[in-house]
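Observations on the three-dimensional arrangement
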Amino acid sequence: MKLNRLRCAAAAVITASICFGCAEVRAEPASDFETLESQLEEVLLDSLGGRLDAEDWNALQAASTAFARDLTSARAKGLWVPESAALQNPEPAPAVLATTSARLEATLQHTVALEMLDSLNRGEIATAQAWRALIALPKHANAIEGALALQRLGGNSSQRDAVAELLAREYLSWQATRVREKLDGLKRVVLASRANPALINARTSEIATLAQFPPGILTTARLPQSQAPVPDTTGLNASAAASDWRAFLEQYSAWQKGWEAMLPNLLTTAEVERHGRLLVKLVKLVPKEYHNGVRDGEIVVPLEFREAKSFIVQAQQLVSELSGAWRQAHPAAFEKNSGALTANLEETERLIVSKADPEKVEASTRETEKILGRDFGLTAQPFGSGKGVVEEIALEVRTSLKNSLAAAQAGRWSEAESLRVDAYTTFDTELEKRVLPRDPALGLRAERSFLDGEENFPGIKALFDQRKKGAALEAAFARTLAAVDECTALLKVNLSPATVVYTVLTISAREGLEAVVVLAALLAGMRGAEQRVTRRRVVTGAWLALGATALTFWLSRSVIVSLSRFGEKLESIVSVLAVIVLLMVTNWVFHKVYWVGWNAKLRKLSKTSGSGDESRLEWLSLVMVGFLTIYREGFETTLFLQSLILESGMKWVLVGIALGAVMVAVAGLIIFVIGVRLPYRKLLVFTGVLVVSILVTFLGSTVRLFQTVGWLPIHPLPGLHVPPWMGFWLGLYPSVEGIVIPLLGFAYVGGAWLFVKWQALRRGARAMREARATESFAAHPALAKRPPAV
């Protein structure tokens, strides 16, 4: 039990900065808990031996009183205080004491869980983490997900209910598994002829208490209270008292099934199928990872060896989670093969730890696959859809990354890069865009680990471009794999509707306002009645872009999903077109003389449009300018929203879109209607500055997309630290390409300005020469006063 808590505490070390405070804030309750649990175990052992040590009994009473003083949750006090009242008995009989101690050990776990949940509800994250670290875990428990959720989302009031639900379900899963472990363990003790009536009374009381979860925990987990009848232990205790162990075992089977029926059903039918698929995939991957990591009893690739161990432990966790469903869905198969399945997995783990011959590991996993397929009907079919497939997606990403590493270490760089792009594309379209609304810093850090990395920690693509092998490359892959695991754990927490609406509102409003600003700058040079037709063409393109965005959004549920692996490449192409549009817009905004030339062209188009003399290309160019200005933003928004639809459904996404549309419409009204009355030059300067900033951002984002899909190399700048927010908002990234190319936008603006000024000076000089030649300057005193042009 203490070992299990140490494992939970080790998981909580992930939150090191917060847990440093936890150690001080909750040091006394943790100490009192340890003392109480130690005394309960001591008294239980004494009582099972038919004796009662007065000193131990007094110490237990004192420990219980001290622990009760530490409780701050009304629900926890309401559970512990009545149950611990039995400790006030001055001289209990050893048999009664054994039952009481065992029951209190189970009650202690429920009490700690209630304290954890109520601390979270009060926003006391450090306290909740400290209580959580005291919970006893079953074998092969996964304690990482809850730790990450508590650390990253617990402080967010809009996400607090979702985190509490995750923690409650996590606790129920742990304790349900412990109940099954204790049920199986008690049966083995009886079969081994090591049981006595006192032990039976104590263990059945502990199991009964542990399996009856407090209503508060079930409510938080959104699960109903079990309606199954509580199994009666009278017959079992009578058989044990008479030492009739054959009759005991006959009754025990029904008693065990009764308690298993009482346990909460934490997995839906879809989740059972999904967990089964994942289990088969993990078992299939174990021998491959082990074969790549171990040769002749020596570890040759530590990462592959660690992955093999990790996968077999995950497989054992899944078997534990699925056992309850299997008992009901496949009772005969479970009764017959569960022992062999568990033994095979444990044997595989032993072989891996001892660095045995890879053929033995493969033979062991092959036997496990046979049981899963033959007796439970499990296959490694492709993963389905919906928000619950993140583990399967993460497994696919990890597999592609590991294969990429193996190819790179073997010098097959083209194959390695292709696998890296495949892994990143899956990560980006399925995981990263779900992570960004929850934890932008984590999402961007994970993304950068695939590409250029961070200061002193180069990314995978940066090392590929340098053809680096060995430990540095393996360390880069390890960082990426760790980031993927962190993202996966974070996504186990459901997004609340409020968070979904806010996220969609932020995305749609930001992208929509960018489009409005660019379109406003575009139309600023098309004022006046003579430009009406020209403006109409551009606005027509903008309306067509809105329609195309709506169509893209509708198709995204079918066609775009099927093209998800090409999402980055499609976005790259659209981004290039958008940059071209912005380069033209920048000229219109900043270069007055050049602007005049464009206006002359636009006036010509507006005049010819009425007579039908304009070419189809000229007509189409005006429409495409408006279209691409808007559709670039709409396309990006559509791709981003797909992950939110997967997680929360269409309803709340549409609410966020509607609110964002209202904000954009108001901004458009201010800019296009009220803004018409604003001073022309001030509006021009204001929109011009915004357009240049957007141009630089688009250039940086496009460079990043090209690097992502492998169309551009990455040359990191190790000494340059660029905060992640600068990449997100300004498109600047710490690489030669990520800094130089966006800044070329400024160079373009300045160079075009100088070029236009030079042309203007040449035209002015030529005009004066012509005036002098015709002696017409005498009619213009202003020209006569100016010095001749050089």
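Remember, predicted model here, so these are calculated numbers, not experimental data.

A cluster of acidic side chains, namely Asp296, Glu298, Asp357 and Glu359, defines a negative patch on the protein surface. Structurally, Asp296 is set in the loop between strand E1 (294–295) and strand E2 (298–299). In this structure Asp296 comes out as exposed when scored by relative accessible area, which is 79%.

The subject of this paragraph is the side chain of Gln109. Within the fold, Gln109 resides in helix H6 (residues 94–121). Using a relative accessible area of 1% as the deciding quantity, one classes Gln109 as buried. Looking at Gln109, its side chain comes within polar contact range of the main-chain nitrogen of Ala136, at 2.8 Å. Apart from the residues lying within four places of it in its own chain, the contact partners of Gln109 are Phe33, Glu37, Leu134, Ile135, Ala136, Tyr171, Gln175, Arg178 and Leu210.

This brings us to unusual backbone geometry. The backbone of Ser243 shows a phi angle near 55°, a positive value even though the residue is not glycine. What makes Ser243 partly exposed here is its relative accessible area of 46%. Positive phi is not limited to glycine here, since Asp296 has a value of about 50°.

Per-chain confidence: the protein chain averages 76 in pLDDT, with 72% of residues scoring 70 or above. Across residues 1–26, where pLDDT falls below 50, the model places 54 contacts with residues more than four positions away in sequence or in other chains. Low pLDDT (under 50) marks residues 609–613, which in the prediction has four contacts with non-local residues, meaning those over four places away or in another chain.

Ranked by internal contacts, the top residues of the largest apolar core, which has 105 residues, are Phe427 and Phe450. In terms of residue count, the dominant contributor to this core is helix H9 (residues 160–191) (15 residues). With near-sequence residues (within four places) excluded, Phe450 lies in contact with Val397, Leu401, Arg420, Ala423, Tyr424, Phe427, Ile460, Lys461, Thr480 and Val484. Membership of the second largest hydrophobic core comes to 33 residues, among which are Val283, Val286, Leu345 and Leu351.

As a further point, take the side chain of Ser364. Tracing the chain through its elements places Ser364 in helix H17 (residues 358–376). Only 2.5 Å separates the side chain of Ser364 from the side chain of Thr348, close enough to count as a polar contact. Apart from the residues within four sequence positions on either side, Ser364 is in contact with Asn344, Glu347, Thr348 and Leu351.

Aromatic ring pairs: the centre-centre distance and the angle between the two ring planes describe each pair. Summed over all chains, the structure comprises 15 aromatic pairs. Each ring, one from Tyr252 and one from Trp255, has its centre 5.6 Å from the other, and the planes form 35°; the classification is tilted. Here Tyr252 pairs with Trp255, and both are found in helix H13 (residues 245–262), just three residues apart, close to one helical turn. When sorted by exposure, Tyr252 lands in the same class as Trp255, which is buried. Note on Tyr290 and Phe305: the rings are 6.5 Å apart at their centroids and 45° apart in plane angle, and the pair reads as tilted. Linking Tyr290 in helix H14 (residues 269–293) with Phe305 in helix H15 (residues 302–329), this pair joins segments that are 15 residues apart in sequence.

Our next topic: helix H5 (residues 74–84). Three or four residues apart is the spacing at which side chains of an α-helix point the same way, because the helix has 3.6 residues per turn. Within the sequence span of H5, burial applies to Ala76, Trp80 and Ser84. The buried residues of H5 occupy an angular sector of 30° when projected down its axis, which confines them to one face. More than 90 degrees from the buried face of H5, the exposed residues found are Ala74 and Pro82. Residue Ser73 occupies the N-cap position of H5, its side-chain oxygen lying 3.3 Å from the main-chain nitrogen of Arg75.

The next subject is the environment of Asp161. Structurally, Asp161 is set in helix H9. Residues Asp161 and Leu120 lie 41 residues apart in sequence; the distance between their C-alpha atoms is 9.0 Å.

Quick look at the pattern of salt bridges now. If charged atoms from side chains of opposite charge come close, those side chains can pair. Applying the stated criterion to the full structure yields 22 salt bridges. Beyond isolated ion pairs, a larger network of salt bridges with shared partners links Glu289, Glu307, Arg398, Lys402 and Asp485.

Thresholds applied
- Residues numbered from 1 in each chain as written.
- Predicted model: local features only at pLDDT ≥ 70, side-chain atom pairs only at ≥ 80, totals over all residues.
- Heavy atoms only, no water.
- Patch = residues over 30% accessible without salt bridge, like charges linked within 9 Å, V, L, I, M, F, W, Y side chains within 5 Å.
- Areas by Shrake-Rupley, 256 points an atom, 1.4 Å probe, with all protein chains shown as cover.
- Salt bridge = Lys/Arg side-chain N within 4 Å of Asp/Glu carboxyl O.
- Lys, Arg positive; Asp, Glu negative; His and termini not counted.
- Charge placed at Lys NZ, Arg CZ, Asp CG, Glu CD.
- Helix = DSSP H or I, 4+ residues; strand = E, 2+ residues; numbered from the N terminus.
- Buried < 20%, exposed > 50% of the residue type's maximum accessible area, 1.4 Å probe, protein only.
- Polar contact = N/O pair within 3.5 Å; in protein donor to acceptor, adjacent residues only side chain to side chain.
- Contact = heavy atoms within 4.5 Å.
- pLDDT = per-residue confidence, 0-100.
- Core = buried A, V, L, I, M, F, W, Y, C linked by side-chain atoms within 4.5 Å.
- Phe/Tyr/Trp six-rings, centres within 6.5 Å; stacked < 30°, edge-to-face > 60°.
- Arc of directions from axis to C-beta.

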